[in-house]
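An overview of the molecular structure
Chain by chain, the residues run as shown.
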Amino acid sequence: MRIEVPPPSGLAGFGLRQLERLDVPDWYAYLSLPGVIEHTSWNLAGLKDLEALCGSYESPTPDSPSRLAVVENKGNRLIGTIGFHTVCALNRTAEIAFDFAPAYWGLGIATAMCNTVTQWSFAAFGLVRVQATVLDTNRASERVLQKCGFVYEGLLRSYRMVRGRPGNFKMYSRLADMTE
């Protein structure tokens, strides 16, 4: 799912653009801070892990993952990322994920970007379902999803490995037609 032209962010002072390999050092810098990945399934050993991910985002295949950089318009510097790490073109579904530097937590930016990218994915790619899995301790991401109209569907026990241990994840989804 190659995103050629990102949507307008809808949030004054912030924008969305293609994630570039040049963003990797800034991305890694905030993901490496204490507490940033505590309630996620990130398992980063170094910059090379993110460089490999960036390579996968360059794939033109319909089922390839995609990720956008969230930037402050002033300076165009990366403050977060948002995108789809699991895409199924056949079923017209994708799983959204996002992360932000701690200086930008609690400002409504994640909610605005999640809402924008979700709505845009329905219109631009014809998705019928966007889902998100959230480690069961990640209350902040749950709040973002709920504010964006995602509905809790259930607990996925031992769903993903989290730094070597099975983690329980909550499943949320939002449908294009917004019906249950």
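Anyway, here's the lowdown on the structure attached to this text. Every value quoted in this text rests on a predicted model; they were computed, and no experiment measured them. (Residues numbered from 1 in each chain as written. Predicted model: local features only at pLDDT ≥ 70, side-chain atom pairs only at ≥ 80, totals over all residues. Heavy atoms only, no water.)

Looking now at the environment of Thr137. Along the chain, Thr137 turns up in the loop between β5 (129–135) and α4 (139–147). Look at Thr137 and you get partly exposed, because its relative accessible area is 37%. Sequence separation between Thr137 and Ala52 is 85 residues, and the spatial gap between their C-alpha atoms is 27 Å. (Helix = DSSP H or I, 4+ residues; strand = E, 2+ residues; numbered from the N terminus. Buried < 20%, exposed > 50% of the residue type's maximum accessible area, 1.4 Å probe, protein only.)

Attention shifts here to α4. What α4 keeps buried is the set Ser141, Glu142, Val144 and Leu145. In a view along the axis of α4, the buried residues occupy a sector of 160°, so they form one face of it. A positive phi of about 85° marks Gly149, the residue just after α4. (Arc of directions from axis to C-beta.)

A word on the sheet that holds strand β7 (residues 165–175). Through backbone hydrogen bonds, the strands of a sheet pair up, either in parallel or in antiparallel fashion. Across the sheet, which stays open at both edges, the 7 strands sit in the order β1-β2-β3-β4-β5-β7-β6 with mixed pairing between neighbours. Single-partner strands in this sheet number two, and they are β1 (14–18) and β6 (151–162). Strand-to-strand twist in this sheet, taken as the mean axis angle between neighbours without regard to direction, amounts to 30°. Of the strand pairs in this sheet, β6 and β7 are connected by 8 bridges, and their pairing is antiparallel. Its bridge partner lying in β7, Val151 is registered against Ser173. Where helix α3 (residues 109–125) meets the sheet, it contacts β1, β2 (66–72), β3 (78–88), β4 (93–100), β5 and β7, and its direction lies at approximately 160° from that of β4. (Pairing = 2+ DSSP bridges. Axes fitted to C-alpha atoms, helices over the stretch in contact; angles between N-to-C directions. Contact = heavy atoms within 4.5 Å.)

Formed by 45 residues in total, the largest nonpolar core has its most connected members in Trp27, Ile82, Ile96 and Cys114. If you tally residues by element for this core, the top one is α3, at 7 residues. Setting aside its immediate chain neighbours within four residues, Cys114 contacts Ile82, Ile96, Phe98, Val144, Leu145, Cys148 and Phe150. (Core = buried A, V, L, I, M, F, W, Y, C linked by side-chain atoms within 4.5 Å.)

Further remarks concern the layout of surface pockets. Roughly 1000 Å³ of internal volume is contained in the largest pocket. In this structure, the largest pocket is lined by 43 residues; those nearest its centre are Thr40, Phe98, Asp99, Asn138 and Ser141. At the level of elements, α2 (47–57), β4, α3, β5 and α4 are the ones that each hand at least two residues to the lining of the largest pocket. Among the elements that take part in the lining of the largest pocket, α4 stands out by supplying 7 residues, more than any other. In the lining of the largest pocket, the residues fall into 23 nonpolar, 13 polar and 7 charged. In this structure, the second largest pocket spans a volume of roughly 170 Å³. Only α1 (24–31) and β3 provide two or more residues apiece to the lining of the second largest pocket. Ranked by residue count, the leading element in the lining of the second largest pocket is α1, at 3 residues. Residue classes in the lining of the second largest pocket are distributed as 7 nonpolar, no polar and 4 charged. (1 Å grid on protein atoms, 1.4 Å probe; cavity = no way out; pocket = protein on both sides within 12 Å on 5 of 7 lines; lining within 4 Å. Points joined across faces, edges and corners; volume = space filled by probe spheres on them. Nonpolar A, V, L, I, M, F, W, Y, C, P; charged D, E, K, R; others polar.)

Inspection of the secondary structure puts Arg174 in strand β7. The exposure class assigned to Arg174 is buried, which follows from its relative accessible area of 7%. Those residues within four positions of Arg174 in sequence are excluded, and the remaining contacts are Asn115, Thr118, Gln119, Phe122, Val128, Arg129, Val130, Cys148, Gly149 and Phe150.

Okay, the pairing of β5 next. Taken across its 7 residues, β5 has 7 buried, putting it largely inside the fold. Neither face of β5 is exposed, since Arg129, Gln131, Thr133 and Leu135 on one face and Val130, Ala132 and Val134 on the opposite face are all buried. Two strands pair when backbone bridges link them, and β4 and β5 are joined in this way by 3 bridges, in the parallel orientation. Note on β5: the bridge partner recorded for Ala94 is Val130.

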